[in-house]
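Architecture and fold: a report
If you want the building blocks of each chain, they are given just below.
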Amino acid sequence: MEALLGARLTLALSIFAFLSLLTTSFSQQIQILNAERRIDLTSHIVKVFLTLKVENTGTAPANEVLLAFPPTQVDHLAVVKAKAATGRRKKRTYITLDVKPTELPDAPNGAKYFIISLLNPLNSGETATLEVLYMLTHSLEPFPAEISQSEPQLVYYHDSAIILSPYLIKQQTTFIKTPTSKVESFTRVEPTNRVSTELKYGPYEDRTPYSFSPIIVHFENNNPFAVVEELVREVEISHWGNLQITEHYKLVHAGARHKGVFSRVEYQSRPSHSGISSFKHLLARLPPRVHSVYYRDEIGNISSSHLRTDYRKSELEIEPRYPLFGGWKATFVIGYGLPLQDFLFESSDGKRYLNFSFGCPLAETVVDKLTIKVVLPEGSKDPSIVVPFPVEQHLETKYSYLDVVGRTVLVLEKKNVVPEHNSPFQVYYTFNQMFVLAEPLMLVSAFFFFFVACVAYLHIDLSIHKPSQHFAKF
Amino acid sequence: MADPENAKEATTLRYAFGNVLSFFILLLIGVLAFWIRLFSVIKYESVIHEFDPYFNYRVTQFLTKNGIYDFWNWFDDRTWYPLGRVIGGTVYPGLTLTAGTIWWILNSLNIPLSVETVCVFTAPIFSAFASWATYLLTKEVKGAGAGLTAAALLAMVPSYISRSVAGSYDNEAVAIFALIFTFYLYIKTLNTGSLFYATLNALAYFYMVCSWGGYTFIINLIPMHVLLCIVTGRYSSRLYIAYAPLVVLGTLLAALVPVVGFNAVMTSEHFASFLVFIIIHVVAFVYYIKGILSPKMFKVAVTLVVSVGLVVCCAVMAILIALVASSPTKGWSGRSLSLLDPTYASKYIPIIASVSEHQPPTWPSYFMDINVLAFLVPAGIIACFLPLSDASSFVVLYIVTSVYFSGVMVRLMLVLAPAACVMSGIALSESFSVFTRSIKFQLHGLSGSSQVDSGDASSSTVVAQNDAGKAEKTEDTAKERPSKKSKKKEKGIVDKPSLKAKIERRLLVLPFEASIFAILLLVLLGAFYVVHCVWAAAEAYSAPSIVLTSYSHDGGLHVFDDFREAYAWLSHNTEVDDKVASWWDYGYQTTAMANRTVIVDNNTWNNTHIATVGTAMSSPEKAAWEIFNSLDVKYVLVVFGGLVGYPSDDINKFLWMVRIGGGVFPHIKEPDYLRDGQYRIDSQATPTMLNCLMYKLSYYRFVETDGRGFDRVRQTEIGKKNFKLTHFEEVFTTHHWMVRIYKLKPPRNRIRGKTKKPRSQKTSSTTRTKRSAATKRNPWH
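Residues numbered from 1 in each chain as written. Chains lettered and ligands numbered in written order. Predicted model: local features only at pLDDT ≥ 70, side-chain atom pairs only at ≥ 80, totals over all residues. Heavy atoms only, no water.

Looking at an unreviewed UniProt entry, chain A carries the name Dolichyl-diphosphooligosaccharide--protein glycosyltransferase subunit 1, with the source organism given as Hevea brasiliensis. Of chain A, the UniProt comment under Subunit (unreviewed entry) reads exactly: "Component of the oligosaccharyltransferase (OST) complex." UniProt annotates chain A under Sequence similarities (unreviewed entry) with the comment "Belongs to the OST1 family." (UniProt positions renumbered as here; feature names shortened; annotations may be inferred.)

As structure tokens, then:
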């Protein structure tokens, strides 16, 4: 009761603090001394590294720092991570900070916010350095939207030259890195200059909160735009010692759509000029000691794959049935088995837990919708899950080989998944080892009763009319 | 031997042991039949093979997804566009329902096998059943020993393997089992006179009707046998019980199958059974009258009935003939007619002749498909005449008719295979029995001859039994089966111990060395057969034909997976309702693997429609475009083997396109495509050939691959090297160029013509005349 009261109190207090913050406006309290933004456009996942030097100019200590994003970017935002940098130069260490999306009532033009909770409150006059990493997916818009086989792929990137922020920024610079030096055009917001693959915007001084200056960069990007529209990973735990993983992929090339003819002769004879934005290989990084790997689709095995294993990792290089040009799709299934002892552990309280990696094993791909199904063995109880980021989850029941009560399936769903999400998650459950023997015993007893029935049948005489004892004559 | 009681116990024990032994032998035969068919899965993958199995697979998928009622009412709008096809009413449902049931049972036991897996393994499972059915059939004819031999032979006969390897999910896979089992139940009924087996026989016949169009073989063979029995004076009440319920129940049940329906009473294939049905009743009636009348009265009755009967018969015959004559094909379907007249198909129906499995077989194919059985069959026939029973006369009739039919079509070699196995099983078993008996006689001639001479019937049988037992031991090294056989043979003699048989047995004794040598030779023959069968199963018949492999010089395996590449591309990168035109061979695969609507498929029920596609393929580009456009076709798929040397491509099938197309649309004339009586694509080719759509789609930009356009299948350089397509555009070509997919270009925009009106006066008039000429060519106008 007291704990509840305390929680309420803190909640009320925090709301109060929040409201008071609003009324006093952040910009008054916090300002950013220096901001440096590096936007990496080399792949189709846009990575932005933001270094903020924050100073508390107000009187009260500040607990939180806000990040603002234009609404168009928020929809494509896959990851926002923040770290606090402490120490100087070589002794610099980073501590991961909590980042949560939040809503503010008076956000201009529908700007969305993420709130970074600082570890130690920032007293007035103090400064702190924050490293923020965020990733955007589907943010490179192909233009022209349709290209033929011989054309390279050109894309647009929209952003603002000035960092959108609710705070006053004293000084800021933005660097944009393009994959090649082939940049068709870019918006100039002086001072702007371009050195081979790098565009530099800034430095800009003393920009007021919510300053915005839209820019467009039009450049060539022939990296594979491999997007998995839907990925269903099924992880099946068998206490006989195997972890079976089945992954169903719906792959699409999300770059500029392929237009007109596909000429095999050009594709084969001039690989450097023809279809450079297409891709035919994908690399899946699988855990070490993987076995029984298969790669197929609904019409059978796909023979073009190579598996390389060593003691640290396994690499499966797969080729879809045909090279993927813009807009082309392919579906396939990858399945493999893993030794259970590498992934299943016993926790201190007697529970078992599975420690497995979230995300998609394919390198450099975006997953629009990821579903992970963890199939627990029959008879396991109290499933719970620990994931380092928010996911939707629910329970299902699955019937597999000779199941009677069915297996509990934990279903995790997440949209917009990038390779950054490949971090381990844990599933806790309790399981009685005796259940392992349930199915063999069932089979044994079924056969036993069958044979008993056979023996009984052979010894029962069901005929109504007994023929006279002919065999006595023998 | 001294104590008859002990000997009796020993014999019963030996029977029990023999039963267990034969049970395990049968089990092993079943396992052998299953495993020998798994070469395709091990060497390639677990995948559906070839063409027709893909259709069956698709139907099974539909069945498992939508249930049985939707299956009966299924109107498939994905084939034969725009006509569609009523699947539920035109398909033999036996196979599909069988696999669907297996899948359903497994899934209700929570064994989550996919439909594909079930379909792949249906054929091997049923070949195990078929070998067991062969055991039962041969056992009824000549005893258990012959049965086991025949079962072992059938388990690995190449002819049957060719149709039932894992993945070959076709009607024949279950139909051969149904065929043999029906024959078994018929013989069983004939031997026992049990109405229970007669009913089962009708049910087995029903299953056969469900499974395969070859059921007409049964419904003609059994009446023939019944007639043979009647003519040779072997009529009995058992024959009546074996036949009458089969015709009545069987016909009623057969009429329940939608694809047969009223054909079961309307077509001439079934008339023989009704005729014999009438005859057997007349005969039965005569026998009955004969039983109750005195011989004098009977003679009077006979003259009376015969005179009246003749008149009635003539009238009935006249009506029948009139009925049959009134139907256009004389009541016979084309495929059945081509059975009776082997030249019928090639003369009148090119679409039947175009299928390679409808061609008459060559001599090597007999050796390939039944191997040493071909030499054993005559011996088996002789064995069947010693002595001739109802059952053995049936097998003789079976082998004679099936030899004829297999000579008509390669495909029917499959019907010959079980008969050949039964015959060879009998032959092998009988000859082993003769040789082992000779050996036994020689071995025991010194010690036991006095007893045999002096002993009465019972003691001699005991000796025989003991001999059999010893023979079993001595022969263990060679084979177990023949020894069992000899024992059963002995048993047969025990049942009917006659003086004649004993004398005969004495006379059949061969010299000791000769017997040993002959047994060795027979074992060698069997070994040769086994080696051949394993080779055939592993090398000749296990290729799924949608995946091709070749070995490179350094021993590496190269996989040609172009068909699935193309189908996967179609299924993922075209609209769901797009229509794909191709030659009919690829229809089933396109619907099943790519899930796209096709114009024609392997069902070949509508000759005109196929001829339309054939016409389009053999027309120049513009006319072809118009035909395809009128059929709403968006993509055209051609198979081209010229780059990698894949011989069964569309250019090699092109003569059938021309022939079938020309058969319906006379403006396609075969001589236009021929130079010196040959289809040529090199510089000697006719201009019609070089301008037809098939040539252009196959060789479009082919010259750019090696600079001179060398076709590795035809082993020539192509005739016309550089040309452009005006109405089609290449949208996809697979890795080895084996499948090429073209898209129909949209028609020209008309507005452009309007704006340039004054200048294009002349050209528009020419195009109009061209168009009118083209429309005349288009069969859809």
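Next, the rest of the story.
Right, let's talk about the pattern of salt bridges for a bit. Pairs can form between side chains of opposite charge whenever their charged atoms are close. Using the criterion set out here, one finds 45 salt bridges over all chains in the structure. Note that Glu 220 of chain A is salt-bridged to Lys 182 of chain A, the shortest N-O span being 3.9 Å. With Glu 220 of chain A in strand 15 (residues 214-220) and Lys 182 of chain A in the loop between strand 11 (168-177) and strand 12 (183-186), the pair connects residues that are 38 residues apart, well separated along the chain. Looking at Lys 182 of chain A, the relative accessible area reads 49%, which means it is partly exposed. For the salt bridge of Asp 578 of chain B with Lys 634 of chain B, the shortest nitrogen-to-oxygen distance reads 3.6 Å. Note that Asp 578 of chain B is positioned in the loop between helix 28 (562-573) and strand 5 (579-581) and Lys 634 of chain B in strand 7 (residues 633-639), a separation of 56 residues in sequence. By relative accessible area, Asp 578 of chain B is classed as buried at 8%. (Salt bridge = Lys/Arg side-chain N within 4 Å of Asp/Glu carboxyl O. Helix = DSSP H or I, 4+ residues; strand = E, 2+ residues; numbered from the N terminus. Buried < 20%, exposed > 50% of the residue type's maximum accessible area, 1.4 Å probe, protein only.)

This part covers the sheet that holds strand 19 (residues 282-286) of chain A. Residue and element names in this part refer to chain A. Strands sit in the order 19-23-22 across an open sheet of 3 strands; the sheet is antiparallel. Two strands close off the open sheet at either side, each with one partner strand: strand 19 and strand 22 (305-309). Across the sheet, the mean angle from the axis of one strand to that of its neighbour is 15°, orientation sign disregarded. As paired elements, strand 22 and strand 23 (residues 314-318) share 5 bridges and run antiparallel to each other. Directly across from Arg 308, in strand 23, lies its bridge partner Glu 315. (Pairing = 2+ DSSP bridges. Axes fitted to C-alpha atoms, helices over the stretch in contact; angles between N-to-C directions.)

Moving on to the packing of aromatic side chains. Applying the stated criterion across every chain, the model contains 66 aromatic pairs over all chains. Note on Phe 126 of chain B and Phe 177 of chain B: the rings are 5.6 Å apart at their centroids and 70° apart in plane angle, and the pair reads as edge-to-face. One end of the pair, Phe 126 of chain B, is in helix 7 (residues 115-142); the other, Phe 177 of chain B, is in helix 10 (residues 171-192), and 51 residues separate them in sequence. Its relative accessible area of 14% is what places Phe 177 of chain B among the buried residues. Centre to centre, the rings of Phe 640 of chain B and Phe 702 of chain B are 5.1 Å apart; their planes meet at 80°, and the pair counts as edge-to-face. Linking Phe 640 of chain B in the loop between strand 7 and helix 32 (654-664) with Phe 702 of chain B in the loop between helix 34 (693-699) and helix 35 (703-706), this pair joins segments that are 62 residues apart in sequence. Take Phe 640 of chain B and Phe 702 of chain B: they sit in the same class, and that class is buried. One aromatic cluster is present, built from ring pairs that chain together Phe 262, Tyr 267, Tyr 322, Phe 325 and Trp 328 of chain A together with Trp 569, Tyr 635 and Phe 732 of chain B. Its end group placed over the ring of Tyr 160 of chain B, Arg 37 of chain B keeps NZ or CZ at 4.9 Å from the ring centre. (Phe/Tyr/Trp six-rings, centres within 6.5 Å; stacked < 30°, edge-to-face > 60°. Lys NZ or Arg CZ within 6 Å of the ring centre and 35° of its normal.)

Taken residue by residue, the interface counts 28 residues in chain A and 29 residues in chain B. Counting each side, the surface lost to burial between chain A and chain B is near 2600 Å², with a carbon and sulfur contribution of 52%. When the area that chain A buries against chain B is broken down by residue, the three leading residues are Arg 264, Val 265 and Ile 299 of chain A, summing to 24%. Across the chain A-chain B interface, the total number found is 4 salt bridges. Residue Arg 264 of chain A is joined to Glu 565 of chain B by a salt bridge in which the shortest nitrogen-to-oxygen separation is 2.8 Å. Taken together, chain A and chain B are joined by 19 residue pairs in polar contact (both at pLDDT 80 or more). Mapped onto the side of chain A that touches chain B, the elements with two or more residues apiece are helix 4 (264-269), strand 20 (291-297), strand 21 (300-301) and strand 24 (329-339) of chain A. For the side of chain A that touches chain B, the element with the highest residue contribution is helix 4 of chain A, accounting for 4 residues. Its residues assigned to classes, the side of chain A that touches chain B comprises 11 nonpolar, 9 polar and 8 charged. (Contact = heavy atoms within 4.5 Å. Buried area = accessible area lost by both parts, 1.4 Å probe. Polar contact = N/O pair within 3.5 Å; in protein donor to acceptor, adjacent residues only side chain to side chain. Nonpolar A, V, L, I, M, F, W, Y, C, P; charged D, E, K, R; others polar.)

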